[in-house]
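# Descriptive analysis of the structure
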Amino acid sequence: MSSDSLPAMTTSGPAPIVPDAALHLSGVASVALTDASMVAVADAIGTAEHTLIGPHSVRPFVAAAIAQHTQLLIVTATGREADDLTSELTQILGGGVAMFPSWETLPHERLSPSADTVGKRLDVLRRLARPGDSDYGDPLRVIVTTVRSLVQPMAPGLGEIEPVTLKVGLDLDFDGLIHRLVEFGYLRVDMVGKRGEFAVRGGILDLFSPTADHPVRVEFWGDEITELRAFAVSDQRSLPDHEVDLVIAPPCRELLLTQEVRDRAAVLAADNAGDTALVEMLDKLSAGVPVEGMEALLPL
(Lines give C-alpha, C1' and ligand atoms only; values in the text may rest on other atoms or scores of the structure.)
Protein backbone atom coordinates (compact mmCIF):
# COMPACT_ATOMS: atom_id res chain seq x y z
CA MET A 1 0.00 0.00 0.00
CA SER A 2 1.45 3.34 -1.00
CA SER A 3 0.34 6.78 0.10
CA ASP A 4 1.51 8.41 -3.12
CA SER A 5 -0.21 6.01 -5.54
CA LEU A 6 -2.88 8.65 -6.21
CA PRO A 7 -1.32 12.12 -6.29
CA ALA A 8 -4.57 14.08 -6.60
CA MET A 9 -6.52 15.68 -3.78
CA THR A 10 -4.40 15.25 -0.67
CA THR A 11 -5.62 16.74 2.60
CA SER A 12 -3.82 19.44 4.56
CA GLY A 13 -4.04 17.43 7.78
CA PRO A 14 -5.41 14.24 9.33
CA ALA A 15 -9.10 13.51 8.84
CA PRO A 16 -10.10 12.16 12.26
CA ILE A 17 -12.25 9.07 12.51
CA VAL A 18 -15.36 9.91 14.50
CA PRO A 19 -17.19 6.87 15.91
CA ASP A 20 -20.63 6.47 14.36
CA ALA A 21 -23.29 3.96 15.28
CA ALA A 22 -23.88 3.25 11.59
CA LEU A 23 -20.17 2.56 11.00
CA HIS A 24 -19.69 -0.56 13.07
CA LEU A 25 -15.87 -0.58 12.99
CA SER A 26 -15.31 3.16 13.44
CA GLY A 27 -15.20 2.92 17.23
CA VAL A 28 -12.65 0.11 17.12
CA ALA A 29 -10.58 2.02 14.58
CA SER A 30 -10.58 5.23 16.63
CA VAL A 31 -8.94 3.28 19.47
CA ALA A 32 -6.65 1.10 17.33
CA LEU A 33 -5.17 4.07 15.49
CA THR A 34 -3.83 5.52 18.72
CA ASP A 35 -1.49 2.52 19.07
CA ALA A 36 2.19 3.35 18.64
CA SER A 37 2.56 0.97 15.67
CA MET A 38 -0.28 2.69 13.82
CA VAL A 39 1.18 6.10 14.57
CA ALA A 40 4.43 4.82 13.07
CA VAL A 41 2.56 3.82 9.91
CA ALA A 42 1.27 7.37 9.52
CA ASP A 43 4.76 8.76 10.17
CA ALA A 44 6.13 6.62 7.32
CA ILE A 45 3.92 8.36 4.74
CA GLY A 46 6.09 9.88 2.03
CA THR A 47 8.82 7.27 2.06
CA ALA A 48 9.53 5.66 -1.29
CA GLU A 49 8.96 2.14 0.03
CA HIS A 50 7.85 0.71 3.35
CA THR A 51 7.25 -2.96 4.17
CA LEU A 52 4.79 -3.96 6.88
CA ILE A 53 4.39 -7.46 8.31
CA GLY A 54 1.27 -8.32 10.27
CA PRO A 55 -1.85 -10.47 10.44
CA HIS A 56 -4.49 -10.27 7.72
CA SER A 57 -6.95 -8.54 10.06
CA VAL A 58 -4.75 -5.47 10.50
CA ARG A 59 -5.05 -4.36 6.86
CA PRO A 60 -8.15 -2.14 7.19
CA PHE A 61 -6.65 -0.35 10.19
CA VAL A 62 -3.35 0.27 8.41
CA ALA A 63 -5.28 1.62 5.43
CA ALA A 64 -7.39 3.84 7.72
CA ALA A 65 -4.24 5.19 9.38
CA ILE A 66 -2.87 6.26 5.98
CA ALA A 67 -6.22 7.52 4.68
CA GLN A 68 -6.41 10.01 7.57
CA HIS A 69 -3.55 11.91 5.95
CA THR A 70 -3.71 11.32 2.19
CA GLN A 71 -5.63 9.66 -0.58
CA LEU A 72 -4.86 5.96 -0.86
CA LEU A 73 -4.88 3.26 -3.54
CA ILE A 74 -4.91 -0.35 -2.30
CA VAL A 75 -4.17 -3.20 -4.70
CA THR A 76 -5.24 -6.74 -3.79
CA ALA A 77 -4.53 -10.07 -5.44
CA THR A 78 -8.16 -11.14 -5.92
CA GLY A 79 -11.62 -9.66 -6.29
CA ARG A 80 -12.79 -11.41 -3.13
CA GLU A 81 -10.08 -9.67 -1.11
CA ALA A 82 -11.03 -6.34 -2.68
CA ASP A 83 -14.72 -6.85 -1.81
CA ASP A 84 -13.94 -7.74 1.81
CA LEU A 85 -11.51 -4.89 2.32
CA THR A 86 -13.88 -2.37 0.74
CA SER A 87 -16.65 -3.47 3.08
CA GLU A 88 -14.40 -3.23 6.15
CA LEU A 89 -13.07 0.21 5.22
CA THR A 90 -16.58 1.48 4.51
CA GLN A 91 -17.50 0.48 8.06
CA ILE A 92 -14.56 2.58 9.30
CA LEU A 93 -14.47 5.57 6.97
CA GLY A 94 -17.96 5.76 5.46
CA GLY A 95 -18.71 7.01 1.95
CA GLY A 96 -15.16 7.99 1.04
CA VAL A 97 -14.30 4.39 0.08
CA ALA A 98 -14.90 2.80 -3.34
CA MET A 99 -13.89 -0.33 -5.18
CA PHE A 100 -12.64 -0.13 -8.76
CA PRO A 101 -13.70 -3.53 -10.13
CA SER A 102 -12.08 -5.47 -12.94
CA TRP A 103 -13.87 -6.73 -16.02
CA GLU A 104 -15.43 -10.16 -15.72
CA THR A 105 -14.05 -10.98 -19.17
CA LEU A 106 -10.58 -11.71 -20.52
CA PRO A 107 -9.04 -9.45 -23.19
CA HIS A 108 -9.14 -12.15 -25.89
CA GLU A 109 -12.80 -13.08 -25.30
CA ARG A 110 -15.48 -11.71 -27.58
CA LEU A 111 -17.49 -10.64 -24.56
CA SER A 112 -18.09 -7.19 -23.10
CA PRO A 113 -18.01 -6.37 -19.38
CA SER A 114 -21.44 -5.97 -17.78
CA ALA A 115 -23.09 -2.57 -17.49
CA ASP A 116 -22.89 -2.89 -13.68
CA THR A 117 -19.11 -3.25 -13.77
CA VAL A 118 -18.60 -0.45 -16.27
CA GLY A 119 -20.90 1.83 -14.27
CA LYS A 120 -18.95 1.26 -11.04
CA ARG A 121 -15.63 1.86 -12.78
CA LEU A 122 -16.77 5.08 -14.43
CA ASP A 123 -18.31 6.28 -11.16
CA VAL A 124 -14.91 5.99 -9.46
CA LEU A 125 -13.12 7.73 -12.32
CA ARG A 126 -15.71 10.50 -12.32
CA ARG A 127 -15.35 11.05 -8.58
CA LEU A 128 -11.59 11.28 -8.99
CA ALA A 129 -11.90 13.78 -11.84
CA ARG A 130 -14.52 15.89 -10.02
CA PRO A 131 -13.75 15.66 -6.28
CA GLY A 132 -15.89 18.69 -5.48
CA ASP A 133 -19.05 17.42 -7.23
CA SER A 134 -21.57 16.79 -4.44
CA ASP A 135 -23.82 14.76 -6.79
CA TYR A 136 -21.26 11.95 -6.56
CA GLY A 137 -21.11 11.75 -2.78
CA ASP A 138 -18.15 12.18 -0.45
CA PRO A 139 -14.67 12.81 -1.91
CA LEU A 140 -12.74 9.58 -2.30
CA ARG A 141 -10.21 8.82 0.44
CA VAL A 142 -9.55 5.17 -0.43
CA ILE A 143 -9.83 3.20 -3.68
CA VAL A 144 -9.53 -0.58 -3.54
CA THR A 145 -8.78 -2.52 -6.71
CA THR A 146 -7.13 -5.68 -7.99
CA VAL A 147 -3.96 -6.32 -9.98
CA ARG A 148 -6.10 -7.57 -12.86
CA SER A 149 -7.99 -4.29 -13.01
CA LEU A 150 -4.79 -2.24 -13.15
CA VAL A 151 -3.37 -4.14 -16.13
CA GLN A 152 -6.54 -3.95 -18.23
CA PRO A 153 -6.46 -1.47 -21.12
CA MET A 154 -8.42 1.70 -20.48
CA ALA A 155 -9.54 4.42 -22.86
CA PRO A 156 -8.23 7.90 -21.98
CA GLY A 157 -10.54 10.56 -20.56
CA LEU A 158 -13.23 8.25 -19.16
CA GLY A 159 -13.51 10.30 -15.99
CA GLU A 160 -14.25 13.42 -18.03
CA ILE A 161 -17.29 12.00 -19.82
CA GLU A 162 -20.36 13.96 -18.74
CA PRO A 163 -23.07 11.48 -17.71
CA VAL A 164 -26.77 11.93 -18.42
CA THR A 165 -28.20 13.82 -15.44
CA LEU A 166 -31.95 14.03 -14.84
CA LYS A 167 -33.78 16.23 -12.31
CA VAL A 168 -37.35 17.40 -11.93
CA GLY A 169 -37.79 20.76 -13.67
CA LEU A 170 -34.87 20.21 -16.05
CA ASP A 171 -35.50 20.99 -19.72
CA LEU A 172 -34.02 18.45 -22.13
CA ASP A 173 -34.49 17.67 -25.79
CA PHE A 174 -36.29 14.32 -25.52
CA ASP A 175 -35.06 12.95 -28.85
CA GLY A 176 -31.55 14.16 -28.08
CA LEU A 177 -31.66 12.36 -24.74
CA ILE A 178 -32.63 9.08 -26.42
CA HIS A 179 -29.82 9.51 -28.93
CA ARG A 180 -27.36 10.16 -26.09
CA LEU A 181 -28.41 6.99 -24.25
CA VAL A 182 -27.85 4.94 -27.40
CA GLU A 183 -24.38 6.51 -27.77
CA PHE A 184 -23.67 5.52 -24.17
CA GLY A 185 -24.38 1.87 -24.98
CA TYR A 186 -27.83 1.59 -23.39
CA LEU A 187 -30.10 -1.01 -24.99
CA ARG A 188 -33.60 0.08 -26.02
CA VAL A 189 -36.18 -2.53 -25.02
CA ASP A 190 -39.95 -2.84 -24.69
CA MET A 191 -39.77 -3.32 -20.91
CA VAL A 192 -36.80 -2.51 -18.69
CA GLY A 193 -35.50 -5.59 -16.88
CA LYS A 194 -31.82 -5.01 -16.08
CA ARG A 195 -29.20 -2.30 -15.77
CA GLY A 196 -28.16 -0.62 -18.98
CA GLU A 197 -31.64 -0.72 -20.56
CA PHE A 198 -34.25 1.93 -21.35
CA ALA A 199 -37.77 1.98 -22.75
CA VAL A 200 -39.88 4.77 -24.24
CA ARG A 201 -43.66 5.09 -24.21
CA GLY A 202 -44.93 8.44 -25.40
CA GLY A 203 -43.50 11.07 -23.06
CA ILE A 204 -42.35 8.52 -20.49
CA LEU A 205 -38.79 7.20 -20.27
CA ASP A 206 -37.96 4.13 -18.18
CA LEU A 207 -34.24 4.07 -17.44
CA PHE A 208 -32.09 1.65 -15.44
CA SER A 209 -28.72 3.26 -14.75
CA PRO A 210 -25.75 0.90 -14.18
CA THR A 211 -25.13 2.50 -10.78
CA ALA A 212 -28.76 2.53 -9.56
CA ASP A 213 -30.52 0.07 -7.26
CA HIS A 214 -33.84 0.42 -9.12
CA PRO A 215 -34.95 1.63 -12.55
CA VAL A 216 -36.57 5.07 -12.71
CA ARG A 217 -39.64 6.26 -14.59
CA VAL A 218 -39.04 9.73 -16.00
CA GLU A 219 -42.16 11.66 -17.03
CA PHE A 220 -41.88 14.56 -19.47
CA TRP A 221 -44.24 17.40 -20.29
CA GLY A 222 -42.87 18.49 -23.61
CA ASP A 223 -39.15 18.74 -22.93
CA GLU A 224 -39.49 19.36 -19.18
CA ILE A 225 -39.05 16.59 -16.61
CA THR A 226 -42.09 16.65 -14.32
CA GLU A 227 -41.60 13.52 -12.21
CA LEU A 228 -39.04 10.87 -11.25
CA ARG A 229 -40.26 7.60 -9.73
CA ALA A 230 -38.40 4.43 -8.86
CA PHE A 231 -40.19 1.23 -9.83
CA ALA A 232 -39.79 -2.51 -9.42
CA VAL A 233 -38.51 -4.66 -12.26
CA SER A 234 -40.76 -7.58 -11.26
CA ASP A 235 -44.16 -5.90 -11.69
CA GLN A 236 -43.18 -2.46 -13.12
CA ARG A 237 -45.03 -0.74 -10.26
CA SER A 238 -43.78 2.39 -8.52
CA LEU A 239 -41.86 2.10 -5.24
CA PRO A 240 -43.30 4.83 -2.98
CA ASP A 241 -40.66 4.25 -0.28
CA HIS A 242 -37.81 5.06 -2.70
CA GLU A 243 -37.76 8.78 -3.41
CA VAL A 244 -35.69 9.89 -6.38
CA ASP A 245 -34.32 13.43 -6.61
CA LEU A 246 -31.56 12.84 -9.11
CA VAL A 247 -30.70 10.27 -11.78
CA ILE A 248 -27.10 9.94 -12.97
CA ALA A 249 -26.68 7.67 -15.98
CA PRO A 250 -23.05 7.03 -16.96
CA PRO A 251 -22.07 5.11 -20.11
CA CYS A 252 -22.57 1.34 -20.18
CA ARG A 253 -19.41 0.80 -22.23
CA GLU A 254 -15.83 2.00 -21.91
CA LEU A 255 -15.40 2.24 -25.68
CA LEU A 256 -17.76 4.88 -27.05
CA LEU A 257 -18.34 4.98 -30.77
CA THR A 258 -17.37 8.57 -31.40
CA GLN A 259 -16.68 9.71 -34.93
CA GLU A 260 -12.95 9.41 -34.30
CA VAL A 261 -13.33 5.78 -33.15
CA ARG A 262 -15.58 4.95 -36.11
CA ASP A 263 -13.08 6.43 -38.57
CA ARG A 264 -10.27 4.46 -36.93
CA ALA A 265 -12.31 1.25 -37.19
CA ALA A 266 -12.80 1.82 -40.93
CA VAL A 267 -9.05 2.25 -41.44
CA LEU A 268 -8.28 -0.91 -39.46
CA ALA A 269 -10.83 -2.87 -41.48
CA ALA A 270 -9.13 -1.86 -44.71
CA ASP A 271 -5.70 -2.73 -43.30
CA ASN A 272 -6.80 -6.21 -42.13
CA ALA A 273 -8.92 -7.38 -45.06
CA GLY A 274 -7.67 -10.95 -44.68
CA ASP A 275 -9.21 -11.42 -41.21
CA THR A 276 -12.90 -11.97 -41.92
CA ALA A 277 -14.07 -12.05 -38.29
CA LEU A 278 -12.13 -8.90 -37.40
CA VAL A 279 -13.33 -7.04 -40.48
CA GLU A 280 -16.94 -7.94 -39.68
CA MET A 281 -16.56 -6.45 -36.20
CA LEU A 282 -14.76 -3.35 -37.45
CA ASP A 283 -17.34 -2.72 -40.18
CA LYS A 284 -20.09 -2.64 -37.55
CA LEU A 285 -18.08 -0.31 -35.34
CA SER A 286 -17.40 2.02 -38.25
CA ALA A 287 -21.16 2.15 -38.84
CA GLY A 288 -21.78 3.06 -35.19
CA VAL A 289 -23.16 -0.34 -34.17
CA PRO A 290 -21.90 -1.66 -30.79
CA VAL A 291 -20.46 -5.17 -30.95
CA GLU A 292 -20.08 -7.69 -28.15
CA GLY A 293 -16.42 -7.87 -27.17
CA MET A 294 -15.41 -4.64 -28.90
CA GLU A 295 -13.53 -3.55 -25.74
CA ALA A 296 -10.81 -6.03 -26.71
CA LEU A 297 -9.87 -3.56 -29.45
CA LEU A 298 -9.21 -0.69 -27.01
CA PRO A 299 -5.41 -0.76 -27.51
CA LEU A 300 -5.99 -0.09 -31.21
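Here the structure is a predicted model, which is why all the values come from computation and not from measurement. (Residues numbered from 1 in each chain as written. Predicted model: local features only at pLDDT ≥ 70, side-chain atom pairs only at ≥ 80, totals over all residues. Heavy atoms only, no water.)

## Some details on the packing of aromatic side chains
What the rule picks out here adds up to one aromatic pair. Here the aromatic rings of Phe174 and Phe220 are separated by 4.9 Å at their centres, their planes lie at 80°, and the arrangement is edge-to-face. Of this pair, Phe174 sits in helix H7 (residues 174–183) while Phe220 sits in strand S8 (residues 216–221), placing them 46 residues apart in sequence. Judged by relative accessible area, Phe174 falls into the buried class, the value being 13%. (Phe/Tyr/Trp six-rings, centres within 6.5 Å; stacked < 30°, edge-to-face > 60°. Helix = DSSP H or I, 4+ residues; strand = E, 2+ residues; numbered from the N terminus. Buried < 20%, exposed > 50% of the residue type's maximum accessible area, 1.4 Å probe, protein only.)

## Structural notes on the nonpolar core
Leu205, Leu207 and Leu285 are the most contacted members of the largest nonpolar core, which totals 51 residues. Ignoring any residue separated from it by four or fewer positions in sequence, one finds Leu205 in contact with Phe174, Leu177, Ile178, Leu181, Phe198, Ala199, Val200, Val216, Arg217, Val218 and Phe220. (Core = buried A, V, L, I, M, F, W, Y, C linked by side-chain atoms within 4.5 Å. Contact = heavy atoms within 4.5 Å.)

## Structural notes on the packing of helix H8 (residues 259–271) against helix H9 (residues 276–286)
Viewed as axis vectors pointing N to C, H8 and H9 meet at an angle of 150°, and their least axial separation amounts to 8 Å. Considering the angle they form, H8 stands roughly antiparallel to H9. Seen from above, H8 lies across H9 with left-handed handedness. On H9, the residues that touch Arg262, Ala265, Ala266, Leu268 and Ala269 of H8 are Val279, Leu282, Asp283, Leu285 and Ser286. A per-class count over the contact of H8 with H9 returns seven nonpolar, one polar and two charged. (Axes fitted to C-alpha atoms, helices over the stretch in contact; angles between N-to-C directions. Parallel < 35°, antiparallel > 145°, perpendicular 65-115°, else oblique. Left-handed = near helix turned anticlockwise from the far one by under 90°. Nonpolar A, V, L, I, M, F, W, Y, C, P; charged D, E, K, R; others polar.)

## Observations regarding the pairing of strand S6 (residues 197–201)
Judged from the two bridges that link them, strand S5 (residues 187–188) and S6 form a sheet pairing that is parallel. Across the sheet, Leu187 pairs through a bridge with Glu197, a residue of S6. Pairing of S6 with strand S7 (residues 204–208), which is carried by five bridges, proceeds in the antiparallel orientation. By the bridge assignment for S7, Phe198 is matched with Leu207. Hairpin connection, S6 to S7: the antiparallel pair is bridged by two residues, and Gly202 has positive phi, about 60°. (Pairing = 2+ DSSP bridges.)

## Let's talk about the sheet that holds S8
The strand order S5-S6-S7-S8-S9 describes an open sheet built from five strands, whose pairing is mixed. Where the open sheet ends on each side, the last strands, each with one partner, are S5 and strand S9 (224–230). Of the pairings in the sheet, the one linking S7 to S8 comprises four bridges and is antiparallel in character. Looking at the pairing, Leu207 lines up with Val216 of S8.

## Focus on the packing of helix H3 (residues 59–67) against helix H4 (residues 79–93)
Interaxial distance between H3 and H4 falls to 10 Å at its minimum, and their mutual angle equals 55°. Taken together, the axes of H3 and H4 lie oblique to each other. Here the hand of the crossing between H3 and H4 comes out right-handed. Across the interface between the two elements, Arg59, Pro60, Phe61, Ala63, Ala64 and Ala67 of H3 pack against Glu81, Leu85, Glu88, Leu89, Ile92 and Leu93 of H4.

## Examining unusual backbone geometry
Despite not being glycine, Gln236 has its phi angle at roughly 65°, a positive value. Structurally, Gln236 can be placed in the loop between S9 and strand S10 (247–249).

## Some words on the sheet that holds strand S1 (residues 72–76)
With parallel pairing, three strands are arranged side by side in an open sheet as S1-S3-S2. Taken across any chain shown, the strands that pair with only one partner, and hence form the sheet edges, are S1 and strand S2 (97–100). Pairs of neighbouring strands in the sheet enclose a mean axial angle of 20°, with direction left out of account. In the sheet, S1 pairs with strand S3 (residues 142–146) via five bridges, with the strands oriented parallel. Of the residues in S3, the one forming a bridge with Leu73 is Ile143.

## Re the confidence of the model for the chain
When pLDDT is averaged along the chain, the result is 86; 91% of the residues meet or exceed 70. Per-residue pLDDT, averaged within each element of the chain, yields its smallest value for helix H1 (residues 26–32) (76) and its largest for S3 (96). Here residues 1–13 scores under 50 on pLDDT; set against residues more than four positions off or in separate chains, the count is 27 contacts. (pLDDT = per-residue confidence, 0-100.)

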